[in-house]
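# Per-entry structural report
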Amino acid sequence: MTVFDDHVALIRAGDPIDVVARALLALLTPEERLGCLDGDLEFWSGLASMLGGDSGRVPWSGAAIPRLGVPGIQFSDGPRGVKLGAATCFPVAMARGATWDTDLEERVGRAIGEELRAQGGNLFGGVCVNLLRHPKWGRAQETYGEDPSHVGEMGAALARGASGHVMACVKHFALNSMENARFKVDVSADERTLHEVYLPQFRQVIEAGADVVMSAYNSVNGAWCGENRTLLTDILRDEWGFGGIVISDWIAGLRDPVASVKAGLDIEMPFRQQRARALPGALADGRLNWSDVDDAAARILATQLRHYARLTTPTPPISVVASEEHRALAREAAEKAIVLLRNEPVGPEPALPLDPARLNRLAVVGRLAARPNTGDHGSSDVHPPHVVTPLDGLRAALPEVTIDFEDGSDQEAVRRVVLGADAAIVVVGLTARDEGEYISIGGDPAIQALFPPRPAETEGAALARRAAVAGGQPNVSMGGDRARLGLSERDVELIETVSTVHARTIVVVMGGSAITMEGWRERVPAIVYLCYPGMEGGHALARVLLGAVNPSGHLPFAIPVDEAHLAEFDAEATAVRYDLWHGQWKLDRDGHAPAYPFGFGLSYTTFSLKAISGRRNGRVIELRAELTNTGLVAGATVAQAYAGLPGSRFERPQRRLVTFSRADLRPGERREIEMKIPMERLAVRDSGNWLVEPGDYVFTLAQYAGDPDGESLRLHIDV
Ligand code: BGC
């Protein structure tokens, strides 16, 4: 039993956490109290190992006090799994966003929590709920979509699931929706934009139990997020009541160490970097008080105590890592994530599903068909024991069928295999080279200025040398924001070649968010959006294409016909203004029909959704609807409820998603569903207050935004 364990026992026995945390704090030396406020590794040696390839392969440690058994935070990234060891690689968060399945997401969170805990971590850093403001954002794949309510529900489910085993960290607070400029851009936003669009998802995840918040790199309304008092204290703690730990993003997450403490940032991550040098002097000359340090240290201790006191299960065995059960879950998630965008007849029947009994020869074309493509190679990378590619999945599912593969580099060979096939599957899209995290430290003098002096020759210059590339400073770069919204010319050409030769051309698109498809989408009978489907993705794809699984994914973003219809995106901006308008809301406002709307997804069956009634019950709106599977096979759809207030005195989206519910139905099955909408989802932010404007609200039940078969109910709401 350590001293820390004794204090956990006090909480279990019913003592108040804050009192116990202060008692533990009183046992720390001043050095240990200050040591809580940053990461545990020294900067240059830490950076050397980070750049030496083991970045994030062991947990990042902060605020640990071995003398007293205080574990500190043992952080590991996500969201598509655990970065440690050979862990289960789930579909990326954006793919899971397409499932609209919060129960599934909670199970994914639990599996990730188990795998992390089994490997010695205690903090899952993969609950990313930055809104997809524009599909060119390099890290789009790490979030769930463009809609605040949907992203909030999914993130909350992940955090809930993980919290049974580890603490959950929600990131990046806030307004971090562009990549290349993340270290320099100032994002300005007015109160309504902040509170109604870009912050509510964070609040939802915190209310679901997230213990840790990571601040963003960018600045918001002129103050760097890591030292932004409005965000970290006024909103997060005072308004929302967050009682956990705030940590910085890595290395460049703060610029003024003293201001960052005063603003409410608890731990500078991941190294002893700026604070270790600056805080002792600031405490000596009175720019910082010990009470500021102790407030942060008390929160850091209290959060750990709370977490360990609520752990009820033993540490899972290492065998949970990439266990059969977790791989099955990864496959289930991938199956539910696949979005069927188009399925036109070829002859008398729709192009999909393919009937295995009628297949002799199948052509599979495109380099991505035979390549593990699980997403970004930045902080969210996961290293699974194997990856099932689309080609692997099809071969495993069709052992009797001859499958010819061509990577697409030889057009003649492509034509040849396609000509002799019963159907042609073309896999196209993006990889980690086209989009992902962008790390470029070496080129930025403003960030180099945040490094401690390089160690002298005698003190380990070898370490600094290992860490130093590109002109003597660390510099790594990859991924980044996307250069284009459509497919590459090579991919488009491949689709043209194949679709000219074969009527049954099925295009499978990989990539982290919306990809425009004009020019080719109407030339092919079937389009499937696969996103980055994780280690079992190939099996999932095969099962959907062959009809063993009925597709049920729905787009968590709109796909426009033209990039010009979206919000502006300047990857190199130093200043940008966010407003209420992006994605489907902007398309609706401007009268631009999308190629595929937010919430859209086809099935091998059909559903009808009828509105029955709506009423207000206290602070909740209750809608009842009848959902029927009107087709011949079992399937699932997502009932989506949108709300609008025609004639509102506030500028607001025509309709905004307020809740959703995914349901599986047998053929012919009819089911009544009830949807509950918290009144807050209708509120606007008006001079520091939330206001539910009185009026006649229109609630539309539909299977996607703008669905002509949607049914509306009018409800008068007086406050
Ligand atoms: C990313 C964070 C990540 C951290 C640690 C940063 O560059 O922005 O999302 O958690 O690295 O890997």
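Quantities reported herein were computed from a predicted structural model and do not represent experimental measurements.

For the rest of this paragraph, the subject is the overall build of the chain. The helix and strand tally for the chain stands at 21 helices and 29 strands. Against the 2.2 N^0.38 benchmark of 27 Å for 719 residues, the chain shows a C-alpha radius of gyration of 26 Å, consistent with a compact globule. Principal-axis analysis of the C-alpha atoms places the extent of the chain at approximately 80 × 65 × 50 Å. Across the 719 residues in the chain, those meeting the buried criterion constitute 63%. Residue pairs at least 24 apart in sequence account for 78% of intrachain contacts in the chain once pairs closer than 6 positions are excluded. Element-wise, carbon and sulfur atoms account for 49% of the exposed surface of the chain, whose accessible area totals about 25,400 Å². Distance from the positive charge centre (73 side chains) to the negative charge centre (94 side chains) of the chain: 1 Å.

Let us look at the sheet that holds strand 17 (residues 423–429). Reading across from one edge, 12-19-18-17-15-16 is the order of the six strands in this open sheet, with mixed pairing throughout. Here the strands that pair on one side only, and so sit at the sheet edges, are strand 12 (339–343) and strand 16 (402–406). Averaged over all pairs of adjacent strands, the angle between strand axes in this sheet comes to 20 degrees, irrespective of strand direction. Sheet topology note: the strand 12/strand 19 (residues 526–529) ladder contains four bridges and is antiparallel. Along strand 19, the bridge assignment pairs Asn343 with Ala526. Its contacts with the sheet put helix 19 (residues 489–501) on strand 15 (361–365), strand 17 and strand 18 (505–510), and the angle it makes with strand 17 is roughly 170 degrees.

Now for the nonpolar core. Core analysis: the biggest nonpolar cluster contains 69 residues, and Val127, Val170, Phe173, Leu175, Leu199 and Leu231 have the highest contact counts within it. Sort the elements by how many residues they give to this core and helix 6 (residues 102–118) lands first, with six residues. Domain assignment of the residues forming this core places at least three in each of domain 1 (3–320) and domain 2 (328–435 + 481–549 + 557–578). Apart from residues lying up to four places away in sequence, Val127 is in contact with Gly155, Leu158, Ala159, Ala168, Cys169, Val170, Lys171 and Val205. Counting residues in each nonpolar core, the second largest holds 55 residues, with Leu24, Leu34, Met269 and Leu301 among its members.

Looking at the ligand, the residues that line it are Phe75, Asp77, Arg139, Lys171, His172, Arg182, Met214, Tyr217, Asp249, Trp250, Ser379 and Glu437. The contact in question runs from an oxygen atom of the ligand to an N or O atom on the side chain of His172, over 2.7 Å. In the complex, 94% of the free accessible area of the ligand, which totals 310 Å², lies under the protein chains.

The next point concerns the domain arrangement of the chain. Once the domains are mapped, the chain shows domain 1 (3–320), domain 2 (328–435 + 481–549 + 557–578) and domain 3 (605–717). The gap between the C-alpha centroids of domain 1 and domain 2 is 35 Å. Each partner contributes residues to the interface: domain 1 has 53 residues there, and domain 2 has 50 residues. In this assembly, domain 1 packs against domain 2 so that about 4,400 Å² is buried in total across both faces, 57% of it on carbon and sulfur atoms. Taken together, the connections running from domain 1 to domain 2 amount to five salt bridges. Our enumeration of links across domain 1 and domain 2 arrives at 29 residue pairs in polar contact (both at pLDDT 80 or more).

Attention now moves to the packing of aromatic side chains. Tallied over the full model, the rule gives 18 aromatic pairs. With a centroid separation of 5.7 Å and an interplanar angle of 90 degrees, the aromatic rings of Phe43 and Phe271 are classed as edge-to-face. With Phe43 in helix 4 (residues 43–54) and Phe271 in strand 11 (residues 271–272), this pair connects stretches of sequence that are 228 residues apart. Geometrically, the ring pair formed by Trp44 and Phe451 is edge-to-face, given 5.9 Å between the ring centres and 85 degrees between the ring planes.

Let us now look at the confidence of the model for the chain. Any residue range with low pLDDT should be treated as having predicted coordinates unsuitable for detailed reading. In the predicted model, the chain carries a mean pLDDT of 95, and the fraction of residues at 70 or more is 96%. Between residues 469–475, whose pLDDT stays under 50, and residues either more than four places distant or in other chains, the model counts 23 contacts.

Conventions used here
Residues numbered from 1 in each chain as written. Predicted model: local features only at pLDDT ≥ 70, side-chain atom pairs only at ≥ 80, totals over all residues. Heavy atoms only, no water. Helix = DSSP H or I, 4+ residues; strand = E, 2+ residues; numbered from the N terminus. Rg over C-alpha atoms; globule rule 2.2 N^0.38 Å. Buried < 20%, exposed > 50% of the residue type's maximum accessible area, 1.4 Å probe, protein only. Contact = heavy atoms within 4.5 Å. Areas by Shrake-Rupley, 256 points an atom, 1.4 Å probe, with all protein chains shown as cover. Lys, Arg positive; Asp, Glu negative; His and termini not counted. Charge placed at Lys NZ, Arg CZ, Asp CG, Glu CD. Pairing = 2+ DSSP bridges. Axes fitted to C-alpha atoms, helices over the stretch in contact; angles between N-to-C directions. Core = buried A, V, L, I, M, F, W, Y, C linked by side-chain atoms within 4.5 Å. Domains from an automatic or database assignment. Near = heavy atom within 4 Å. Polar contact = N/O pair within 3.5 Å; in protein donor to acceptor, adjacent residues only side chain to side chain. Buried area = accessible area lost by both parts, 1.4 Å probe. Salt bridge = Lys/Arg side-chain N within 4 Å of Asp/Glu carboxyl O. Phe/Tyr/Trp six-rings, centres within 6.5 Å; stacked < 30°, edge-to-face > 60°. pLDDT = per-residue confidence, 0-100.

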